[in-house]
Amino acid sequence: MSVTSYSERPTTRTDESSALSVPWSRPHPKRRGISARAVSAITILAVLAAWALSARLQLVSPVFLPSPIAVWTKFVVVARDGFVDATLAQHVVASLGRVFAALVAAVLVGVPVGLAIGISTIGRGIFDPLLEFLRPIPPLAYLPLVIIWFGIGEPSKILVITIAMLAPVALSTASGVRGVSQERINAARSLGATRAQLVRHVILPSALPSILTGLRIALGAGWSTLVAAELVAATRGLGFMIQSAAQFLVTDVVVMGILVIATIAFVLEFVIRRIERRLVPWAGRD
Amino acid sequence: MPQLVLDKISVHYDGQAAPAVERVSIAVAEGDFVVLVGRSGCGKTSLLNVAAGLVEPARGSASIGGRPITAPGPDRAVVFQNDALFPWLTARENVAFALRLRGVPSGERARRADSLLKLVKLDGAGDKRIWELSGGMRQRVGLARALAAEPEFLLLDEPLGALDALTRERMQTTLLDLWAASRVGVLMVTHGIEEALVLATRIVVLAPGPGRAVRTFETGFSRRYAAGEAIRTIKADPAFAAARGELTDAIFEGEAA
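- An unreviewed UniProt entry annotates chain B as ATP-binding cassette domain-containing protein originating from Mesorhizobium waimense.
- Listed under Sequence similarities (unreviewed entry) in UniProt, the entry text for chain B is "Belongs to the ABC transporter superfamily."

- The name an unreviewed UniProt entry assigns to chain A is ABC transporter permease subunit, from the organism Mesorhizobium waimense.
- Per UniProt, chain A has the following entry under Subcellular location (unreviewed entry): "Cell membrane".
- As its UniProt record puts it under Function (unreviewed entry), chain A is described as follows: "Probably part of an ABC transporter complex. Probably responsible for the translocation of the substrate across the membrane."

Focus on the domain arrangement of chain B
All names here are of chain B.
Line of reasoning, step 1. The assigned domain composition of chain B is domain 1 (1-75 + 152-214 + 242-257) and domain 2 (84-150).
Line of reasoning, step 2. When each unit is reduced to the centre of its C-alpha atoms, the spacing between domain 1 and domain 2 is 25 Å.
Line of reasoning, step 3. In this complex, domain 1 contributes 10 residues to the contact, which on the side of domain 2 involves 12 residues.
Line of reasoning, step 4. Among the elements that make up the side of domain 1 that touches domain 2, the one with the highest residue count is helix α6 (residues 165-182) (4 residues).
Line of reasoning, step 5. Residue classes in the side of domain 1 that touches domain 2 are distributed as 8 nonpolar, 2 polar and no charged.

Brief notes about the UniProt feature "domain: ABC transporter" (unreviewed entry) in chain B
Line of reasoning, step 1. According to UniProt, the "domain: ABC transporter" (unreviewed entry) feature falls on residues 6-233 of chain B.
Line of reasoning, step 2. Span residues 6-233 of chain B is 36% helix and 24% strand, its end C-alpha atoms 35 Å apart.

Remarks on helix α3 (residues 36-56) of chain A
Along an α-helix, a turn takes 3.6 residues, which lines up residues three or four apart on a common side.
Residue and element names in this part refer to chain A.
Line of reasoning, step 1. Helix length check: α3 (21 residues) gives 30 Å between terminal C-alpha atoms against 30 Å at 1.5 Å per residue, within 8%.
Line of reasoning, step 2. Little of α3 sits out of view: just 1 of its 21 residues are buried.
Line of reasoning, step 3. One or two residues past the end of α3 sits Q58, with phi positive at roughly 55 degrees.

Let's talk about the sheet that holds strand β5 (residues 67-68) of chain B
Residues and elements named next belong to chain B.
Line of reasoning, step 1. The antiparallel open sheet is built from 4 strands, whose spatial order is β2-β1-β4-β5. At either end of the open sheet lies a strand with only one pairing partner, and these are β2 (21-29) and β5.
Line of reasoning, step 2. Note: strand β4 (residues 59-64) against β5, 2 bridges, orientation antiparallel. Note on β5: the bridge partner recorded for I64 is R67.

Thoughts on the pairing of strand β10 (residues 212-218) of chain B
Line of reasoning, step 1. In the sheet, strand β9 (residues 202-207) of chain B pairs with β10(B) via 6 bridges, with the strands oriented antiparallel. Residue pairing across strands places R202(B) opposite E218(B), the latter belonging to β10(B).

Quick look at the sheet that holds strand β8 (residues 185-189) of chain B
Residue and element names in this part refer to chain B.
Line of reasoning, step 1. Taken in spatial order, the 6 strands of this open sheet run β6-β7-β8-β3-β9-β10, and their pairing is mixed. Because the sheet does not close on itself, it has two edges, and the strands there are β6 (76-79) and β10. For this sheet, the mean inter-axis angle between neighbouring strands, taken without regard to orientation, is 20 degrees.
Line of reasoning, step 2. Inspection of the sheet shows β6 paired to strand β7 (residues 153-157) by 4 bridges, in the parallel sense. The partner of V79 across the bridge, within β7, is L156.

Basis of the calculations
Residues numbered from 1 in each chain as written. Chains lettered and ligands numbered in written order. Predicted model: local features only at pLDDT ≥ 70, side-chain atom pairs only at ≥ 80, totals over all residues. UniProt positions renumbered as here; feature names shortened; annotations may be inferred. Domains from an automatic or database assignment. Contact = placed C-beta atoms within 7 Å. Helix = DSSP H or I, 4+ residues; strand = E, 2+ residues; numbered from the N terminus. Nonpolar A, V, L, I, M, F, W, Y, C, P; charged D, E, K, R; others polar. Expected span 1.5 Å × (residues − 1). Buried ≥ 20, exposed ≤ 12 C-beta atoms within 10 Å, placed from the backbone. Pairing = 2+ DSSP bridges. Axes fitted to C-alpha atoms, helices over the stretch in contact; angles between N-to-C directions.

This is how it looks when you write it as structure tokens:
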């Protein structure tokens, strides 16, 4: 594949490329392309193979890099018997619960804030600088402050994730609101819409595609913050599981936890895309 | 019988040196079909937006039946060039939008929306999504949506501007049928000279820099159509060709002045 694609490039370079003596052929119109998806699958298999091989040849100590089989075995064991007093399912539920609680909170606060930024000058004046202040701070930086203020209970963990999710939700909502076409608003007004009706029946639905994009970004941010949030005296959760495993150098659990987090994030992304297609089938078509 | 009156309207946009419209007066009575023509920048759309209540005039007064126009309202429904339909609603729900705002129950809403869709010759398209409709169908939905508000006046901002010639001609007769059946007062903006002649009872020619009215024509072709004459016969009439020449001259004279 890569060799033939060289041939499509009319090159004038002389030194190295002519030394390669790539045959110059016209691109065949019926040549079968290989799909990006297939390349991705091959890449993943190659990484797995390299991983398995290096573990098999004991290139690295299993403490640093356990074999894929060891990780899989650990997955089965932890799923059945649990790790640090909770089964894998309980860890997953604890983490998902926190992320979703935070998502709900971020939507309840972020969407109205974004709406205020988008439709009112005063709203923009109030919330824009606050969000711009909050947005670039890494969660680990405000974590200690949240603990000092709210203690080490469940609310603190959810709050930390919520803060990380707030900016993407609010800013996407605001940009969606600002993008509503003036003509659409004028049409609704001339049909007799009040200001409140305008927001409910025109502005929010128009901004929905953008809001959903915000949710997707927020979920990503939420997952990244999860481990940090669960550093704080948690007794359950994927982040907590990885942390405790790391303290005892149980590397296979660490790797397993990472893979579980990645898989869940992947599934969530997929689900949200499906929801987007269901809820806003018009996106990009109007 | 309420009249839509624009009296010595001037429109001045922020940050622009010259006014967009200067001292233009137009009156639209029930049953009138007033068409504003003129080249780009002559303030046609500005005037329409003043009537719609979307633009505040710098000077002059706009009123309906003596009540000053201060905001948009369903007594003057607007149809825009880019249909401005709501893509998250079906065609039927778009048409019923004004009724929903008024709290009309959903069964009644659907019934009235369907009869309006029938009126604009879109029967059976009620469940269609907006992106499934062609440009002409979209404009029909836009028209039905405006009519659902039961307006005293229809304000049409180049609603046929983006359509191909054949669709455009069909839409013109649909417009005339609706107008003749309801006797609603229409104020319309167009670039099309023939379109103006076919539709109007009165044509106001505007000239740019700053936008002002240069000529007014009273025309009778649309009334002939309403009286039952075929559109083809009307267009073939030598009087139609003569009127087109005269109107074209008026537009270009305004340009030169």
